[in-house]
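Letter by letter, the chains look like this.
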Amino acid sequence: MDERFLSKPNVIKASRDFVCVRMMTYESASEAQLLKTLWRPDAPLENTVFAILDPDGRSIVRGGRSPQMVFRDADDMTTRMNEIARYYGSNGAAVPKDLPAVDTVRLAVDVAACDKRPLVIVVGQNDQERKQLAARLAPTAWSEQLVGKLVYTTGSGTDLSIIKNANRSSGYIFVAPGLFGTDGTALMHLSASASSNDLAAASKQTIGMYHPQVLSHHDHVRSGRQNGVQWQSAIPVSDPHDPRSAGASQNVGPHGFGHPSGPPSSAGRPGGGFGGGSYGAQYGSPSTRRQTYIQEYR
Amino acid sequence: MRFILSLCVLLGVTFVFLSSNSAFAETDGIGWIPTWKQAISEASKAHKPILLVAAAPQCAGVSGIW
């Protein structure tokens, strides 16, 4: 993640007028197909992709490996985002209704570790119960005080083997992810009858209790290797900078393999794109492949 | 005396470390939706543009880092 852009207060503020999606590369074959259409469609899918799309999923700012390849700096990104939001009449008033839940407990623990954020697991005995409990938590998750501060997922009691001290009955578990995102520790539990106020209070308390260990990128990877950590992605890694990729190069940057900083920003600002009088993305109008994919997914 | 001084320095460093890490978890962040299916549905309903990022939650096979 390119924190030089995405953790800046002005970018975060501007993001409230957008639907913000962060997909986990190589963790879904169908999402990988979409990502490949957004940047260098004929090349192997790299670790990171960045794009800005219209409400129908069509590119309005050309894709790239990271915001650094598209914008000069965080201020430039903010200016462009505000232009786009104004064009669509978007304001932060409408917040999503559904809980932003990562697909599986295993993946959610890893994402929480990556973000250095605590995790909330909604535990239900069946789909219907999980949906009901998630719906009660969603307004809290999207509230102004808590948006973006926790990671969420849903699961059943059998999904909790990697969570220490987890109560497997229905309800909400507030979890501190481990350093490598392969396990976590339950800090708090709430029952299935918890109110919205209970959920907000527990969320804030969990944030206060969570003290993540922070290592440099290099030290994290080295320590992970020393500890035998080996993450298995859902689909093969194809980033040419990753040593496990079939087309791997030997270029290792200062941040390790496949860091989203990517190459120097020689591209500079996009020639077309929003605000420049054209919606043309780098690869012209949206491809048939992408349109087909988007329609299939609806 | 030297032991007490060292202990104070150690406690101070620990406090600063824990405070800064706790503060990290409390900082504002982008409200990410983790799946395309949910994102495109929300964008269509709210008529909002989409900020899209994808990142692998591992580096060279080591998880816990983007």
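Our subject is the structure listed above.
It should be emphasised that the depicted structure is a prediction, and the values quoted were computed from it without experimental measurement. Per-chain numbering applies: the sequence of each chain, read as written, is numbered from 1 onward. Chain letters start at A and ligand numbers start at 1, both assigned in the order the entries are written. Reporting in this predicted model follows two pLDDT cut-offs: at least 70 for local features of residues, and 80 or more for side-chain atom pairs to be given and counted; totals over whole chains, interfaces and linings ignore these cut-offs and use all residues. Only heavy atoms go into the side-chain values, all of them from the structure, while hydrogens and water stay out.

**Section: the overall build of chain B**
So the rule is basically this: Numbering of helices and strands runs from the N terminus; a helix is a DSSP stretch of H or I covering at least four residues, while a strand is a stretch of E covering at least two. Exposure classes here rest on a 1.4 Å probe applied to the protein chains alone. A residue is buried below 20% of its type maximum, exposed above 50%, and partly exposed in between. Each accessible area is a Shrake-Rupley result for a 1.4 Å probe, and residues are judged covered by the shown protein chains and nothing else.
Along its length, chain B carries 2 helices and 3 strands. In chain B, the order of α-helices and β-strands from amino to carboxyl end is α-α-β-β-β. The 66 residues of chain B split such that 53% are buried. Summed over all atoms, the accessible surface of chain B reaches about 3,100 Å², with 74% contributed by carbon and sulfur.

**Observations concerning the overall build of chain A**
Heads up, the condition is: Here, two residues are considered to be in contact whenever any of their heavy atoms come within 4.5 Å of each other.
When helices and strands are counted, chain A shows 9 helices and 9 strands. Residues counted as buried form 54% of the 298 residues belonging to chain A. Within chain A, counting contacts between residues at least 6 apart in sequence, those at least 24 apart form 65% of the total. Per element, the accessible surface of chain A, about 13,200 Å² overall, is 49% carbon and sulfur.

**A short note on the state of the cysteines**
Operational definition: Throughout, disulfides are identified as pairs of cysteine sulfur atoms within 2.5 Å of each other.
Under the definition given, this model contains 0 disulfides over all chains. Unpaired in this structure, Cys114(A) has its nearest cysteine sulfur neighbour in Cys59(B), at a distance of 10 Å.

**Some points on the sheet that holds strand 1 (residues 19–24) of chain A**
Basically, it comes down to this: Strands pair, by our definition, only if DSSP identifies at least two bridges between them. To define axes, lines are fitted to C-alpha atoms, for helices over the stretch in contact only, and angles between the resulting N-to-C directions are given on a 0 to 180 degree scale.
Pairing is mixed across the open sheet formed by 4 strands, whose spatial order is 1(A)-1(B)-2(A)-3(A). Since the sheet does not close on itself, it has two edges, and those belong to strand 1 and strand 3 (59–64) of chain A, each with one partner. With strand direction ignored, the average angle separating the axes of adjacent strands in the sheet is 10°.

**Re the interface of chain B and chain A**
Size of an interface: often given as the accessible area lost when the parts come together. For the record, the criterion: Using a 1.4 Å probe, buried area is obtained as the accessible area two parts lose upon being combined, added over both of them. By definition, a salt bridge exists where a carboxyl oxygen of Asp or Glu is found within 4 Å of a side-chain nitrogen of Lys or Arg. Whenever a nitrogen or oxygen atom comes within 3.5 Å of another N or O atom, the pair is scored as a polar contact, on the condition that within protein one atom can donate a hydrogen and the other can accept it, and that pairs from neighbouring residues in sequence are kept only if both atoms are in side chains. Each residue is assigned to one of three groups, with Ala, Val, Leu, Ile, Met, Phe, Trp, Tyr, Cys and Pro labelled nonpolar, Asp, Glu, Lys and Arg labelled charged, and all others, Gly among them, labelled polar.
Opposite the 44 residues of chain B that make contact, chain A presents 89 residues. When chain B packs against chain A, the two sides together hide about 6,100 Å² of surface, and 63% of this comes from carbon and sulfur. Along the contact surface separating chain B from chain A lie 1 salt bridge. Between Asp28(B) and Lys149(A) there is a salt bridge, with its nearest N and O atoms 3.5 Å apart. Our enumeration of links across chain B and chain A arrives at 29 residue pairs in polar contact (both at pLDDT 80 or more). Elements supplying a minimum of two residues to the side of chain B that touches chain A: helix 1 (2–26), helix 2 (36–46), strand 1 (50–55), strand 2 (58–59) and strand 3 (62–63) of chain B. The element best represented in the side of chain B that touches chain A is helix 2 of chain B, accounting for 9 residues. In terms of residue class, the side of chain B that touches chain A is made up of 26 nonpolar, 13 polar and 5 charged.

**Description of the packing of aromatic side chains**
All names here are of chain A. Rules: Stacked, edge-to-face and tilted are the three classes for Phe, Tyr and Trp ring pairs, Trp counted by its six-membered ring, which pair at centre distances within 6.5 Å; planes under 30 degrees apart are stacked, over 60 edge-to-face, the rest tilted. A positively charged side chain is recorded as over a ring if its NZ (Lys) or CZ (Arg) lies within 6 Å of the ring centre. The angle to the ring normal must also be within 35 degrees.
Counted under the stated rule, the structure contains 2 aromatic pairs over all chains. For the pair Phe 50 and Phe 71, a centre-to-centre distance of 5.9 Å together with 80° between the ring planes defines the contact as edge-to-face. Pair noted here: Phe 50 is in strand 2 (residues 49–53) and Phe 71 is in the loop between strand 3 and helix 4 (74–87), with a separation of 21 residues, a long-range link. Between the aromatic rings of Tyr 87 and Tyr 88, the centroid separation amounts to 5.0 Å while the plane-to-plane angle is 80°, which identifies the pairing as edge-to-face. The exposure class of Tyr 88 is buried, given its relative accessible area of 13%. Over the ring of Trp 39 we find Arg 40; its NZ or CZ atom is 5.2 Å from the centre of that ring.

**Describing helix 6 (residues 127–141) of chain A**
Residue and element names in this part refer to chain A. Applied cut-off: For a helix, the expected span equals 1.5 Å multiplied by the number of residues minus one. The term bend refers to the angle at a residue between two fitted axes, each drawn through seven residues, those ending there and those starting there.
Taking 1.5 Å as the rise per residue, helix 6 with 15 residues should run 21 Å; its terminal C-alpha atoms sit 20 Å apart, in good agreement. Most pronounced at Ala 135, the bend in helix 6 amounts to some 25°, and the proline Pro 139 follows within four residues. Looking only at helix 6, the buried set comprises Glu 129, Arg 130, Leu 133, Ala 134, Leu 137, Ala 138, Thr 140 and Ala 141. Residue Asn 126 occupies the N-cap position of helix 6, its side-chain oxygen lying 3.2 Å from the main-chain nitrogen of Gln 128.

**Some details on the packing of helix 6 of chain A against helix 7 (residues 196–209) of chain A**
All names here are of chain A. Convention followed: Orientation is classified from the angle alone, with under 35 degrees giving roughly parallel, over 145 giving roughly antiparallel, 65 to 115 giving roughly perpendicular, and any other angle giving oblique. By convention the crossing between two helices is left-handed if the near helix lies anticlockwise of the far one by an angle smaller than a right angle, and right-handed if it lies clockwise.
Interhelical geometry of helix 6 versus helix 7 gives an angle of 55° and a closest axis separation of 9 Å. Between helix 6 and helix 7, the crossing angle belongs to the class labelled oblique. Here helix 6 runs over helix 7; the crossing is right-handed. Contacts between helix 6 and helix 7 pair Arg 136, Leu 137 and Thr 140 from the former with Ser 196, Leu 199, Ala 200 and Ser 203 from the latter. Considered class by class, the residues forming the contact of helix 6 with helix 7 number 3 nonpolar, 3 polar and 1 charged.

**Quick word on helix 8 (residues 217–226) of chain A**
Residue and element names in this part refer to chain A. Note the threshold: This arc is taken over the directions from the axis of the helix to the C-beta atoms.
Regarding helix 8, the residues found buried are His 217, His 220, Val 221, Ser 223 and Gly 224. Taken down its axis, helix 8 places every buried residue within 165° of arc, on the same side. Facing away from the buried surface of helix 8 by more than 90 degrees, the exposed residues are His 218 and Gln 226. Downstream of helix 8 by one or two residues, Gly 228 has phi in the positive range, about 75°.

**Considering the pairing of strand 2 of chain A**
Of all 5 residues in strand 2 of chain A, 5 are buried; the element is thus mostly enclosed. Here strand 2 of chain A shows a buried face lined by Val49(A), Ala51(A) and Leu53(A) and a second buried face lined by Phe50(A) and Ile52(A). Across 5 bridges, strand 2 of chain A lies against strand 1 of chain B in antiparallel orientation. When the sheet's bridge partners are listed, Ala51(A) is paired in strand 1 of chain B with Leu52(B). Across 3 bridges, the pairing between strand 2 of chain A and strand 3 of chain A is antiparallel. Across the sheet, Leu53(A) pairs through a bridge with Ser59(A), a residue of strand 3 of chain A. Turn length for the strand 2 of chain A-strand 3 of chain A hairpin, with the two strands adjacent in sequence and antiparallel, is 5 residues, and the turn residue Gly57(A) shows positive phi of about 90°.

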